[in-house]
Amino acid sequence: LGGDIKKSFLHGHSFSANPIACSAALTSINLFNKENTLKKISIISEIHKEFKHKLRNNCNVSKTRILGSIAAFDFNKISKDYGSSDTQKIKKKFLENGLLLRPLGNTIYLMPPYCIKEKTLKECYKKIIDILMWFHTKKQITSMNDTLDKKIDETLKPVSDSITNFIFDSFSLL
């Protein structure tokens, strides 16, 4: 707008009605309307809300949040550290069960495609709940085993030391 190039928006070609981009955008909008995508997003959001309570009540999760077709929650039984061994284990378990979920720290996000069937999303949630409960139980058992190992070590250490001392004393007599 004017003769001074320093005041020009030289990237205007990127944003000024590129015919291919406009065609793709219009086709996307038409498909969005034709497929009743807003209705699908609403259904996904309702399923998220339905399972939000089940997750909170059964799986030791917090900070459940939903925005349209995206749901997220914090699983309190894994480390908050990105890439921790816990997050890698649970990610692997999700994949083994056909779920493409990648925890970010202890936060698990669900972003299903708009074309997902209600039954499929509900089955995904059932798998997620099963996996979280499995992981929670496994962590409890591991913790109990660690405690038991420590108690056994504490109990047997004096006995072990006595036996070791007896053996060394016996050999020194020879």
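Counting from 1, residues in each chain are numbered in the order their sequence is written. Restriction of local features to residues with pLDDT of at least 70 applies here, the model being predicted, together with a cutoff of 80 or more for giving and counting side-chain atom pairs; totals for whole chains, interfaces and linings are based on all residues. Derived side-chain values reflect all non-hydrogen atoms in the structure, with water molecules and hydrogen atoms excluded from consideration.

A.B. asks: Would you mind going over the overall build of the protein chain with me for this structure?
C.D. replies: The number of helices and strands found in the protein chain is five helices and three strands. The linear arrangement of helices and strands in the protein chain, starting from the amino end, is α-α-α-β-β-α-β-α. Per-residue accessibility, obtained with a 1.4 Å probe over protein chains only, is compared with the maximum for each type, and a residue is labelled buried under 20%, exposed over 50%, and partly exposed between these values. A burial count over the protein chain gives 23% of its 174 residues as buried. By the convention used here, residues are in contact when the closest approach between their heavy atoms is within 4.5 Å. Here the contacts in the protein chain between residues at least 6 apart in sequence split such that 61% fall between residues at least 24 apart. Working note: accessible area of the protein chain is about 12800 Å², and carbon and sulfur atoms make up 59% of it. Strands are runs of DSSP state E lasting at least two residues, helices are runs of H or I lasting at least four, and both sets are numbered from the N terminus onward. The method behind every accessible area is Shrake-Rupley, applied with a 1.4 Å probe, and residues are considered shielded solely by the protein chains displayed.

A.B. asks: Looking at this model, I keep getting lost on the pattern of salt bridges. Mind explaining?
C.D. replies: Opposite charge on two side chains permits pairing when their charged atoms draw close. Between Lys or Arg on one side and Asp or Glu on the other, a salt bridge is scored when a side-chain nitrogen of the former is within 4 Å of a carboxyl oxygen of the latter. In total, this model carries five salt bridges according to the counting rule given. Notably, a salt bridge pairs Glu35 with Lys40, separated by 3.6 Å at the nearest N-O pair. Taking relative accessible area as the criterion, Glu35 reaches 36% and is therefore assigned partly exposed. Classification of Lys40 as partly exposed rests on a relative accessible area of 27%. A salt bridge links Asp74 to Arg65; the nearest nitrogen and oxygen atoms lie 3.4 Å apart. Residue classification places Asp74 among the buried residues on the basis of a relative accessible area of 7%.

A.B. asks: Explanation requested: the packing of aromatic side chains in the structure shown.
C.D. replies: Any pair of aromatic rings gets described here by the distance separating the centres and the angle formed by the planes. Aromatic pairs are defined between Phe, Tyr and Trp rings, using the six-membered ring for Trp, whenever the two ring centres lie within 6.5 Å; interplanar angles under 30 degrees are classed as stacked, those over 60 as edge-to-face, and all others as tilted. With the rule as written, the count across this model stands at three aromatic pairs. Between Phe51 and Tyr125, the aromatic rings sit 4.7 Å apart at their centres with planes inclined by 5°, giving stacked as the arrangement. Taken together, the residues Phe51 in helix α3 (residues 37–58) and Tyr125 in helix α5 (residues 118–173) connect sequence positions 74 residues apart. This pair shows no difference in class: Phe51 is buried, exactly as Tyr125 is. Ring pairing ties together the aromatic residues Phe75, Trp134 and Phe135, which thus form one cluster. Positioned above the aromatic ring of Trp134 is the side chain of Lys93, whose terminal nitrogen or guanidinium carbon lies 4.4 Å from the ring centre. Here, over-ring charges are defined by two tests on the NZ atom of lysine or the CZ atom of arginine: distance to the ring centre within 6 Å, and angle to the ring normal within 35 degrees.

A.B. asks: Which parts of the structure should I look at to understand the side chain of Thr64?
C.D. replies: Residue position: Thr64 is located in strand β1 (residues 61–67). Taking the relative accessible area as the measure of exposure, Thr64 reaches 15% and is therefore buried. Within 3.5 Å is the distance limit for a polar contact, defined as a pair of N or O atoms, with the added protein rule that one can donate a hydrogen and the other accept it, and that residues adjacent in sequence qualify only through two side-chain atoms. Only 3.0 Å separates the side chain of Thr64 from the side chain of Arg56, close enough to count as a polar contact. When residues no more than four places from it in sequence are discounted, the contact partners of Thr64 are Lys52, Arg56, Ala72 and Phe73.

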